[in-house]
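Breakdown of the fold
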There are 2 protein chains.
Amino acid sequence: MSDQRATIAEAVVAAAGAFTAEELHRSLAVSAPGIGLATVYRALGAMQEAGSVTQVGQRDGSTLLARCGRDGHHHHLVCTSCGRVIAIDCPLGGSLAGREVGDGHVITRHEITLYGLCADCRAHEED
Amino acid sequence: MSDQRATIAEAVVAAAGAFTAEELHRSLAVSAPGIGLATVYRALGAMQEAGSVTQVGQRDGSTLLARCGRDGHHHHLVCTSCGRVIAIDCPLGGSLAGREVGDGHVITRHEITLYGLCADCRAHEED
DNA sequence: GTGTATGTGAGAAGCGTTCTCACTTACGCC
DNA sequence: GGCGTAAGTGAGAACGCTTCTCACATACAC
């Protein structure tokens, strides 16, 4: 792994929540100037393939990513207050695959994105 | 409503399943040539605002739309065989809002996209 | 030293979407 | 009829995100 990729990996860890490639590039411009946008995209692509970074949605037309090394079937809760992304067990208990819904349609796969408040933001809201 | 918008609305109805703006524009180029891509985007935007067309995902970086006039809380099943989009009751029974998950996080909103086979394609598969 | 493989930065290119602009059409008013 | 206004249109430019291209750098094996 090159120095640049290590720096990008650190920046991903440092990012508390979801981020876009450009946001990461901007934050790197401060801590490690000189890393090109293309390099950021390449590194993020590799990390997505490796499974350490996941796509969690879209924002203003750009892809929203987040660090997530979790294995197995799970979904993500995006905190609408701080942007943090939290891995959550499937609220359907994995029972959906193969289930029949409506007039005989059968489900093979599903995608769920949850939005809400993380425990920290919820505690602050209650103050 | 202008002639063009009526034509576009017809094309949306004629489209069996999910489609992109460009696919719709291509199909219009055959049935009603001369309608500009910008007009298609404008009409689809108006239909989205009116609630007769809904965004159901992404394909190759472009937005996937489908006709859906259904009111109330529901989700969409995208048939992976024919591309048809079917409105489905929320498999969570609307019970998720306000529910607490994980370590005290609270959910306010969720998005679910289901993938599978519609009843027709399932019947054909079994042949 | 030489060759090869991999990664890099900069900028161009590609693509989906939106904006701009001149034009047309419909409508109301006199 | 003539006039003004508002809304919609087509064509193409512009925009933003992402990917590609290219020359260069680095590491390693022989």
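Scroll up a little and you will see the structure.
Cut-offs and rules
Residues numbered from 1 in each chain as written. Chains lettered and ligands numbered in written order. Predicted model: local features only at pLDDT ≥ 70, side-chain atom pairs only at ≥ 80, totals over all residues. Heavy atoms only, no water. Least-squares fit on C-alpha atoms with pLDDT ≥ 70 in both. Contact = heavy atoms within 4.5 Å. Salt bridge = Lys/Arg side-chain N within 4 Å of Asp/Glu carboxyl O. Buried < 20%, exposed > 50% of the residue type's maximum accessible area, 1.4 Å probe, protein only. Near = heavy atom within 4 Å. Polar contact = N/O pair within 3.5 Å; in protein donor to acceptor, adjacent residues only side chain to side chain. Helix = DSSP H or I, 4+ residues; strand = E, 2+ residues; numbered from the N terminus. Nonpolar A, V, L, I, M, F, W, Y, C, P; charged D, E, K, R; others polar. Buried area = accessible area lost by both parts, 1.4 Å probe.

Another aspect to go through is the relation of the copies chain A and chain B. When chain A is fitted to chain B, the best match, at an RMSD of 0.1 Å, comes from turning it 180° and sliding it 0.1 Å along the axis. Overall, the copies show the geometry of a two-fold rotation axis. Measuring from the rotation axis to each C-alpha of chain A, the shortest distance belongs to A:Ile112, at 2.2 Å. A shared interface surface links the copies, since 100% of the contact residues of chain A are contact residues in chain B too.

What follows deals with the pattern of salt bridges. Taken as a whole, this structure holds 14 salt bridges over all chains when the rule is applied. The residue B:Glu111 makes a salt bridge to B:Arg109 at a minimum N-O spacing of 3.2 Å. Under the relative-accessibility criterion, B:Glu111 is labelled partly exposed at 40%. With a shortest N-O distance of 3.9 Å, B:Arg122 and B:Glu126 are connected by a salt bridge. Residue classification places B:Arg122 among the partly exposed residues on the basis of a relative accessible area of 25%. Given the relative accessible area of 61%, B:Glu126 is considered exposed. Ionic contacts of the salt-bridge type, sharing partners, join the residues A:Glu100, B:Arg122 and B:Glu126 into one network.

Surrounding DNA strand D, one finds 17 residues, the nearest of these being A:Tyr41, A:Thr63, B:Ser2, B:Gly34 and B:Thr39. Contacts to DNA strand D include B:Gln4, whose side-chain N or O atom sits 3.1 Å from a sugar or linking oxygen. If you list the elements that add at least two residues to the surface near DNA strand D, you get helix H3 (37–50) and strand S2 (62–67) of chain A together with helix H1 (3–14) and helix H3 (37–50) of chain B. If you tally residues by element for the surface near DNA strand D, the top one is H3(A), at four residues. The residue makeup of the surface near DNA strand D, split by class, is five nonpolar, eight polar and four charged.

How large an interface is tends to be reported as the accessible area lost when its parts come together. Of the residues lining the interface, 27 residues belong to chain A; the matching set on chain B comes to 28 residues. Taken together, both faces of the contact between chain A and chain B bury some 2300 Å²; the carbon and sulfur share is 59%. It is A:His105, A:Tyr115 and A:Arg122 that lose the most area in chain A upon contact with chain B, and together they represent 24% of the buried surface on that side. At the surface where chain A touches chain B, the tally comes to two salt bridges. Across the pair B:Glu100 and A:Arg122 runs a salt bridge whose closest N-O atoms are separated by 3.1 Å. Our count for the chain A to chain B interface comes out at 14 residue pairs in polar contact (both at pLDDT 80 or more). Secondary structure elements with two or more residues in the side of chain A that touches chain B: strand S4 (85–89), strand S5 (100–101), strand S6 (105–117) and helix H4 (119–125) of chain A. With 13 residues, S6(A) is the single largest residue contributor to the side of chain A that touches chain B.

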